[in-house]
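Structure at a glance
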Amino acid sequence: MSDGSVQQQQSQPAVPVLEQQRVGEILAAVPERSQWRYRPRRVGMLWRSRTLRVVAVFTVLALCGLVILALVRDQTGTQGFLVGLGLAVLPVPVLMTAFRWLDRVEPGPWRNMLFAFAWGACAAALVAILANSFATRWIATATADPGSADTLGATVIAPVVEESAKAAAVLLLFLFRRRDFNGIVDGVVVAGFAATGFAFTENILYLGNAFGEDQQMGSGFVSVTVATFFVRAVMSPFAHPLFTVMTGIGFGIAASSARHQRFRRIALPLLGLVLAMGMHALWNGSSTFGPYGFYAVYGVFMVPAFGLVTWLAIWSRQRELRTLAVELPAYAAAGWLSPAEPLALSSMRARGRARDTARRWRATAAGGPHGRRGYAPAPITPQARAQAKAQGKAAARTVAEYESFATSLAFLRRQARRGTAGPDLAERELELLHHLWQRREVAGPALAYAAQATRRVRPRFAPPAPQPYQGYGGYQGHGTYQPYGSHARHPHPTYPYAQPPYAQPPYGQPPYQGQPYAQSPYDAPLHNPAPYNPPDQYPDQYPDQYT
């Protein structure tokens, strides 16, 4: 070995050998943080901040809103802008309530809905006004025919630009809020909110211009404004939502498709967008079909299409409820739910009844000793009444949360069957089961009673809603009122997940064989031991059942 190679080896530091016994010794030689010579580089960390993303998105939308309002005010004038704003806002609550009602089974986060509305009202409207104006001027300059340019812009340019701009909101939520985008209903609701925001801004412009025309005519009777409001806000407030819902349906079907069905996940949203553009073009071009073209398109095409889409949306919601009835019995068989809960959770009427029942039970329990013969109700002070009302609301909110988590659990299991669930399936399932476990003592009895009250099950007897009883020092259980009088402590396992939710691998085979609960739900009495049985210690409270 030459002297040069020896000197080179001596000049290079020795690499520390990683030995299990010397790991602590090696790492102990690392200097304090204040003496570090190298700092962690936060590459790309700025945009990863959720707060920064939210602030950036809504700042952009706010700037777009300011620009669009300035443009609309410039075209309509101050008075026309105020009149158009006051009239355009009237159909918005109706449309938002309708779409929110449709999303009652698994309501999406309000932040997603508000983003879709703001995108349609600000960003999409700004893109549409600028692109439509530029395209119309370019066509008029190229053809030297302003009349044909306006017609071509309304029937060809506007549908393509406006539907693409509104569809961007659905696409963004589909990509970045994928966990909240599960099916057709979610696509319809998001598209409806985006289109409602777009129609709101557009109505300000049209109604403001109509008011300006009435002012120019000098007539005290605002005929043009009334006619415009009747056509846009009374006859066809659903026009823009109906167009964009086609795109939402395409994204909804794509969301429920398996990951390996790439062609379907790409082609269906594009097909929905093309249908939306075609319907929009037909609607805008109806005035070119003659004096009665608008009414012909409205009666022959728009109304039937609206009815068909409404039926599809309601059918999809009922399908979501059936998903709960199919998927949740597996958890009932494993002991996480009572046998009656899947039946109650798959009915919107039973869900509402359960919330009302929990509110009434908890409020009555907090109000004083009631329900036992020989005891007169104690006078209730205003403070006690307010406290009872607050506790009743808290119980109803607990049941609502339980229903929401159970719905998410059923949809997660459906996604697992279809192969659309992510790699964190097991963690999400355990988290949802944890939330259900913490709320089961309040929600379980209320849902069981609601299943009986709404005749989702046929019990051997249907006892009336028992009155709560606190007597002799109050209830000493786990802090929740047991509606059927069971005041004993319920044993809780050391760990909430003492056994796996399935007896077999979660998705390797059907959750049950034969009847949903491994036996007919009506072969055995519905009421099992507490908290679902009437109390044996108070037979005088239920005289008809013990005779």
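Heads up: these notes are all about the structure in this document. (Residues numbered from 1 in each chain as written. Predicted model: local features only at pLDDT ≥ 70, side-chain atom pairs only at ≥ 80, totals over all residues. Heavy atoms only, no water.)

What follows concerns the overall build of the protein. Broken down by element type, the protein carries 17 helices and zero strands. Scored against the burial criterion, the 547 residues of the protein give a buried share of 42%. The long-range share in the protein, meaning contacts at least 24 apart out of those at least 6 apart in sequence, stands at 77%. Put simply, the protein shows about 30100 Å² of open surface, and 61% of that area lies on carbon and sulfur atoms. (Helix = DSSP H or I, 4+ residues; strand = E, 2+ residues; numbered from the N terminus. Buried < 20%, exposed > 50% of the residue type's maximum accessible area, 1.4 Å probe, protein only. Contact = heavy atoms within 4.5 Å. Areas by Shrake-Rupley, 256 points an atom, 1.4 Å probe, with all protein chains shown as cover.)

A few words on the packing of helix α10 (residues 239-255) against helix α11 (residues 262-284). To characterise two packed helices, one gives the angle between the axes of the helices and the distance between these axes. One can describe the packing of α10 onto α11 by two numbers: an axis separation of 7 Å at closest approach and a directional angle of 170°. Overall, the two elements α10 and α11 adopt an arrangement that is roughly antiparallel. Touching A239, H240, L242, F243, M246, T247, G250, F251, I253 and A254 of α10 are R264, R265, L268, P269, G272, L273, L275, A276, M279, H280 and W283, all from α11. Taken together, the residues of the contact of α10 with α11 sort by class into 14 nonpolar, five polar and two charged. (Axes fitted to C-alpha atoms, helices over the stretch in contact; angles between N-to-C directions. Parallel < 35°, antiparallel > 145°, perpendicular 65-115°, else oblique. Nonpolar A, V, L, I, M, F, W, Y, C, P; charged D, E, K, R; others polar.)

A ring pair, where both rings are aromatic, is described by two values, the distance of the centres and the angle of the planes. Across all of its chains, the model carries 14 aromatic pairs by this definition. Between F99 and F193, the aromatic rings sit 6.4 Å apart at their centres with planes inclined by 50°, giving tilted as the arrangement. Of this pair, F99 sits in helix α5 (residues 91-102) while F193 sits in helix α8 (residues 184-217), and the two are 94 residues apart along the sequence. What makes F99 buried here is its relative accessible area of 11%. Judged by relative accessible area, F193 falls into the buried class, the value being 0%. Each ring, one from F294 and one from Y295, has its centre 5.3 Å from the other, and the planes form 80°; the classification is edge-to-face. (Phe/Tyr/Trp six-rings, centres within 6.5 Å; stacked < 30°, edge-to-face > 60°.)

It is worth spelling out the nonpolar core at this point. In terms of nonpolar packing, the biggest core is built from 63 residues, with V188, F193, W283 and M302 touching the most fellow members. Of all elements in the fold, only α4 (50-88), α5, α6 (110-143), α7 (146-176), α8, α10, α11 and α12 (293-327) reach the threshold of two or more residues within this core. Here F193 is in contact with M96, F99, R100, W110, M113, A116 and F117, once residues within four sequence places are set aside. Grouped together as the second largest cluster of nonpolar side chains are 41 residues, M348, A416, L436 and A450 included. (Core = buried A, V, L, I, M, F, W, Y, C linked by side-chain atoms within 4.5 Å.)

What follows concerns a positive patch on the surface. Taken together, the side chains of R264, R319, R322 and R418 make up a positively charged region of the molecular surface. Along the polypeptide, R319 turns up in helix α12. Exposure remark for R319: the relative accessible area of 37% places this residue in the partly exposed category. (Patch = residues over 30% accessible without salt bridge, like charges linked within 9 Å, V, L, I, M, F, W, Y side chains within 5 Å. Salt bridge = Lys/Arg side-chain N within 4 Å of Asp/Glu carboxyl O. Lys, Arg positive; Asp, Glu negative; His and termini not counted. Charge placed at Lys NZ, Arg CZ, Asp CG, Glu CD.)

A word on helix α16 (residues 382-418). A rise of 1.5 Å per residue sets the reference length of α16, with its 37 residues, at 54 Å; its end C-alpha atoms lie 54 Å apart and thus fit the reference within 8%. Phi for G419, located one or two positions after α16, is positive at around 80°. (Expected span 1.5 Å × (residues − 1).)

Attention shifts here to unusual backbone geometry. Of note in this structure, R455 is not a glycine but carries a positive phi near 60°. With respect to the secondary-structure elements, R455 resides in the segment after α17 (425-453).

Attention shifts here to the environment of L71. For L71, the position within the fold is in helix α4. Judged by its relative accessible area of 28%, L71 falls in the partly exposed class. Taking the C-alpha atoms as reference points, L71 and L205, 134 residues apart in sequence, are found 9.3 Å from one another. Setting aside residues no more than four positions away along its own chain, L71 makes contact with L126, I129 and L130.

Moving on, we get to α10. Here α10 spans 25 Å end to end across 17 residues, near enough to the 24 Å set by a 1.5 Å rise per residue. When you tally the buried positions in α10, you get 16 out of 17 residues, the bulk of the element.

Let's shift gears to a nonpolar patch on the surface. Together, V54, V57 and F58 make up a nonpolar patch on the protein surface, roughly 210 Å² of accessible area in all. For V57, the location among the structural elements is in helix α4. Overall, V57 belongs to the partly exposed group, its relative accessible area being 31%.

Position of E106 relative to the elements: it lies in the loop between α5 and α6. One buried charged residue, E106, remains without a salt bridge, the closest side chain of opposite sign being R414 at 6.4 Å. A distance of 3.1 Å separates the side chain of E106 from the side chain of N182, its partner in a polar contact. For E106, the side chain forms a polar contact with the side chain of S408, separated by 3.3 Å. Once you skip the residues sitting within four places of it in the chain, E106 turns out to touch N182, D186, T407, S408 and F411. (Polar contact = N/O pair within 3.5 Å; in protein donor to acceptor, adjacent residues only side chain to side chain.)

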